[in-house]
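Each chain, written out:
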Amino acid sequence: MKEQKIMFDSGNELAAYAAKQINYHVMGYYPITPSTKIAEKLDELKADGKHHVKMVPGDGEHGAAGICYGATAGGGRVFNATSANGLLYALEQLPVQSGTRFPMVLNVVCRTVSGPLSIKGDHSDIMYTLNTGWIILFAKDPQRVYDLNIMALKIAEEVKLPVIVAFDGFFTSHQKRRVNVFANDEDVRDFLGEYVADTHALDPDKPVTIGSYMNEPDLINNKFQLHLAMEEAREVIPRVFKEYEEISGRQYTVIEGHEMEDAEAALFILGSSYDTAKIAVDELRKEGKKVGVFTINALRPWDKEGLYNICKDVKSIVVADRQDSYGAGGGNLSLELKATLHDFKADIEVNSLVYGLSGKDFYKEDAIHMLNKAYDIAEGKKEEHKKFDYYGQYKGKEGYEPVQYMKPISKEEASPGVTSVEVDDKNGLFKVKGGIIKNATKMPKRWVAGHGACPGCGIPVNVNLLLKGIEGNVVLLFQTGCGMVVTTAYPKTSFRVSYIHNLFQNGAATLSGLVEMFEEKKRRGEIPDEFTFVMVSGDGGLDIGMGPAIGAALRNHKMIIMEYDNGGYMNTGYQQSYTTPMGAKTSTSHVGPAQVGKITFHKDTPQIFAATNIPYVATVSEHIPMDFIKKAAKAQKYANEYGLAFIKTLSACPLNWGDNPRYERSVIEAGVDSCYHPLYEIERGITNITYNPEAKNKKIPIADFFSMMGRTKHLLKPDNESILTSIQEEVDRRWGRLKAQSDSPFL
């Protein structure tokens, strides 16, 4: 055995610690709850100089999977982590990885697949991966997360298949446990040995084609070889488990059971629930009931023989599924166990219960209920129990009508005449009259009080300012983010107008579809009203959602996209976004002796949208509300008559920026006066600076803006002078280009 030490950490932290000890070449990742802490912890260790893993933030989980695939094609060791809809977004890439036989390790921190949106844990995501050609290991506790992550890489490299290490979100991922880890990183690396890829794209003397076009008759041979690799894994996994036992003292088997030797009735359950079920078994054994429980530590390859051998002598099994294969009469555990027992012609009664969805807690009493059900059936009481049922659901209230908490806003109320938009005879562009702040109070709020935003949060301020300039009926779409999370906790809502949510990566496409339906219904005379359609994005939503948003812009749908730029993925705990300032400290761009915050400049979203040639692009700021309201009115005019309009505002997040909520407007003002967030509009391709701090003698250096926020104060230290200088030079370059555009009659 190798020397070990005791740590008290969560499953997520231990996955990161194992990755640090392995010292992977590359981690491609994208933040998503509840797997985000893996990347955060690994980045923290990197900032402290504890490893050299190159961490590459993707533009979304699909992009992160592509980063990982490309890295594995380069012949190195690669790591990733994701959850739920992030896994589904990347799903297309999983068969690509296995079909081209490049090994890597992906941690799947299991979580509910939406909709409706839930961030809690169940197994509805991992079961989508069963047919992707990946080996799938399942860790029931933090100790196994650590151990399986090390063994997974050895298995992957031997059989040349990628491996998933799955574990329960918020249970295994977040619960801290006392675990044993290897004291010396070298012992982990010695166990794994050196990885030398048979094929990779970085050998100039041996150029290769990877992922070639392949139809019949060759593809069937490719898949047959993948099948053979999975069959080989049946032998490799137990052997690696045994080799690991020799250096760790911890014994693992593919199939695991408790009190199964003489059990007459049993429970089959996966993940962290297994330990709870073991306690229930012990209690029922005291009552003289011969019950047992068993689980599986590898979903793929599926160990049919092992499963049959552990349960062949029981009379009844209840399978507890933490997901449902809708319409099939059971979740995937049930279906595969039934198929296994059928192959062996076993005379065992199998019943299924779907339980624990969206992280619903699983207590000892729940396990006792399930075991008693299995025991009753073993005693011949089949007719008293359904073959398939849900456990833990409750009956709704008959005749229930959703409560309308707020009176809807009528079109007349939403049209108080705060602004009017007319064509300017001089240049043919739109000019706005009105927008005076005292008159703006006449506009009723579409987003009302009762939300859960943090004190000082800029999102409600900015959204309501935008809506003060928009008259008439409005439909809002929010991408996933803080603005969505704090406003629509079921069964209540903070909106007095129609509201839709879709995930980060598809918000713009969703609203595009609604806009086109509205236009077609209007053409057919099926709808008399007019609407303005507004998508609200932020919290990194125009990173992962940039592709669909650009698509909507290129199609020029009649809608407004408003980005509240708070400079990070805030609703997942402030991970770096492409809009995060260079050098800023986030939970995935730590500051330490080996790393100083984010390493790239912030993304210039308005210029990206301007390049699509949409009719209107503008930047706004809450500290100049009249300008904000007028640009909103102009955006509505363009959206309703010509096509897509884009508006960006700098949005405060005191919790993560590290500043005082009382002075948030001053911080935003400094962001504008430093030209980090300049105010301008691009109307039909013509640029106009609407606020020039130089002309008003108010321009300040970027250091003054950064000094007001905890996330960037470290950049003012003498050691970081070169970084601050680079940022100032880039801000000045962008400002100079903008002035040149504003001076040009063509730009």
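Structural data are supplied above this passage.
Small disclaimer: the values here were computed from a predicted structure and weren't measured. (Residues numbered from 1 in each chain as written. Predicted model: local features only at pLDDT ≥ 70, side-chain atom pairs only at ≥ 80, totals over all residues. Heavy atoms only, no water.)

1. Let's talk about the sheet that holds strand S7 (residues 163–168)
Hydrogen bonds between backbone groups are what pair the strands of a sheet, and the pairing can be parallel or antiparallel.
Here is step 1 of the chain: As summarised here, the arrangement of the seven strands in space is S3-S2-S4-S5-S7-S6-S12, forming an open sheet in which the pairing is mixed. Only two strands of the sheet have a single neighbouring strand rather than two, namely strand S3 (54–57) and strand S12 (298–300). The average undirected angle you get between the axes of adjacent strands in this sheet is 20 degrees.
Here is step 2 of the chain: Two elements, strand S6 (residues 135–139) and S7, share five bridges in a ladder whose sense is parallel. Residue Phe138 lies in a different strand from S7, and its bridge partner there is Ala166.
Here is step 3 of the chain: In this fold helix H2 (residues 36–47) packs onto strand S2 (26–29), S3, strand S4 (78–82), strand S5 (105–110) and S7, with an angle of close to 135 degrees to the strand it touches most, S3. (Pairing = 2+ DSSP bridges. Helix = DSSP H or I, 4+ residues; strand = E, 2+ residues; numbered from the N terminus. Axes fitted to C-alpha atoms, helices over the stretch in contact; angles between N-to-C directions. Contact = heavy atoms within 4.5 Å.)

2. Digging into unusual backbone geometry
Here is step 1 of the chain: Here the bond from Thr33 into Pro34 is cis, since omega is 5 degrees, no more than 30 degrees from zero.
Here is step 2 of the chain: On the secondary structure map, Pro34 appears in the loop between S2 and H2.
Here is step 3 of the chain: In this structure, the amide linkage connecting Ser114 to the following residue, Gly115, adopts the cis form with an omega of 15 degrees.
Here is step 4 of the chain: Looking at where Gly115 falls in the secondary structure, it is placed in the loop between S5 and S6.
Here is step 5 of the chain: Phi angles above zero are rare outside glycine, and Asn556 is one such case at about 60 degrees.
Here is step 6 of the chain: Note on placement: Asn556 falls in the loop between helix H18 (546–555) and strand S21 (560–565).
Here is step 7 of the chain: Accessibility expressed as a relative area gives 29% for Asn556, which makes it partly exposed.
Here is step 8 of the chain: For Tyr574, which is not glycine, the phi torsion reads 65 degrees and is therefore positive. (Buried < 20%, exposed > 50% of the residue type's maximum accessible area, 1.4 Å probe, protein only.)

3. Side note on H2
Here is step 1 of the chain: Look at H2: 17 Å from first C-alpha to last across 12 residues, which is about the 16 Å you get at 1.5 Å a residue.
Here is step 2 of the chain: In terms of burial, H2 is largely enclosed, as 10 of its 12 residues are buried.
Here is step 3 of the chain: Those residues of H2 that sit buried are Thr36, Ile38, Ala39, Glu40, Lys41, Leu42, Asp43, Leu45, Lys46 and Ala47.
Here is step 4 of the chain: Looking one or two residues past H2, Gly49 carries a phi angle of roughly 75 degrees, positive in sign. (Expected span 1.5 Å × (residues − 1).)

4. Thoughts on the nonpolar core
Here is step 1 of the chain: Within the largest apolar cluster, 95 residues are counted, with the highest numbers of intra-cluster contacts made by Met27, Ile126, Ile135, Tyr146, Phe268, Leu299 and Ile317.
Here is step 2 of the chain: What Ile135 contacts, discounting residues up to four positions off in sequence, is Ile155, Val159, Leu161, Pro162, Val163, Ile164, Met230, Ala233, Ile237, Arg300 and Pro301.
Here is step 3 of the chain: Core analysis: the second largest hydrophobic core is formed by 91 residues, Ala508, Met535, Met546 and Val667 among them. (Core = buried A, V, L, I, M, F, W, Y, C linked by side-chain atoms within 4.5 Å.)

5. Some remarks on the sheet that holds strand S9 (residues 255–258)
Here is step 1 of the chain: Strand order in this open sheet of six strands is S9-S11-S10-S13-S14-S15, and the pairing throughout is mixed. The sheet is open, and its two borders are formed by S9 and strand S15 (388–390), each paired with just one other strand. Mean inter-strand twist for the sheet, computed between neighbouring axes without regard to direction, equals 20 degrees.
Here is step 2 of the chain: Taken together, the three bridges between strand S14 (residues 349–354) and S15 define a ladder with parallel strand orientation. Looking across to S15, one finds that Leu353 is bridged to Asp389.

6. Observations regarding the side chain of Asp141
Here is step 1 of the chain: Checked against the element boundaries, Asp141 lands in the loop between S6 and helix H6 (142–159).
Here is step 2 of the chain: Classification of Asp141 as buried rests on a relative accessible area of 11%.
Here is step 3 of the chain: Ignoring any residue separated from it by four or fewer positions in sequence, one finds Asp141 in contact with Thr172, Arg177 and Asp275.

7. A look at a nonpolar patch on the surface
Here is step 1 of the chain: A surface patch of nonpolar side chains, amounting to about 510 Å² of accessible area, comprises Tyr400, Val403, Tyr405 and Tyr490.
Here is step 2 of the chain: Positionally, Tyr400 belongs in the loop between S15 and strand S16 (419–423). (Patch = residues over 30% accessible without salt bridge, like charges linked within 9 Å, V, L, I, M, F, W, Y side chains within 5 Å. Areas by Shrake-Rupley, 256 points an atom, 1.4 Å probe, with all protein chains shown as cover. Salt bridge = Lys/Arg side-chain N within 4 Å of Asp/Glu carboxyl O.)

8. Looking at helix H14 (residues 458–468)
Here is step 1 of the chain: Here H14 lies mainly inside the structure; 10 of its 11 residues are buried.
Here is step 2 of the chain: Every buried residue belonging to H14 is among Gly458, Ile459, Pro460, Asn462, Val463, Asn464, Leu465, Leu466, Leu467 and Lys468, and all of these are buried.

9. Quick look at the pattern of salt bridges
Here is step 1 of the chain: By the definition in use, this model includes 43 salt bridges.
Here is step 2 of the chain: A salt bridge links Lys634 to Glu681; its shortest N-O distance comes to 3.3 Å. Of this pair, Lys634 sits in helix H20 (residues 625–641) while Glu681 sits in strand S26 (residues 679–683), and the two are 47 residues apart along the sequence.
Here is step 3 of the chain: Assessed through its relative accessible area of 8%, Lys634 is described here as buried.
Here is step 4 of the chain: One continuous salt-bridge network, built from bridges that share partners, spans Lys140, Asp141, Arg144, Glu256, Asp275 and Lys278.

Scope: geometric values only; no functional claims are made or implied.
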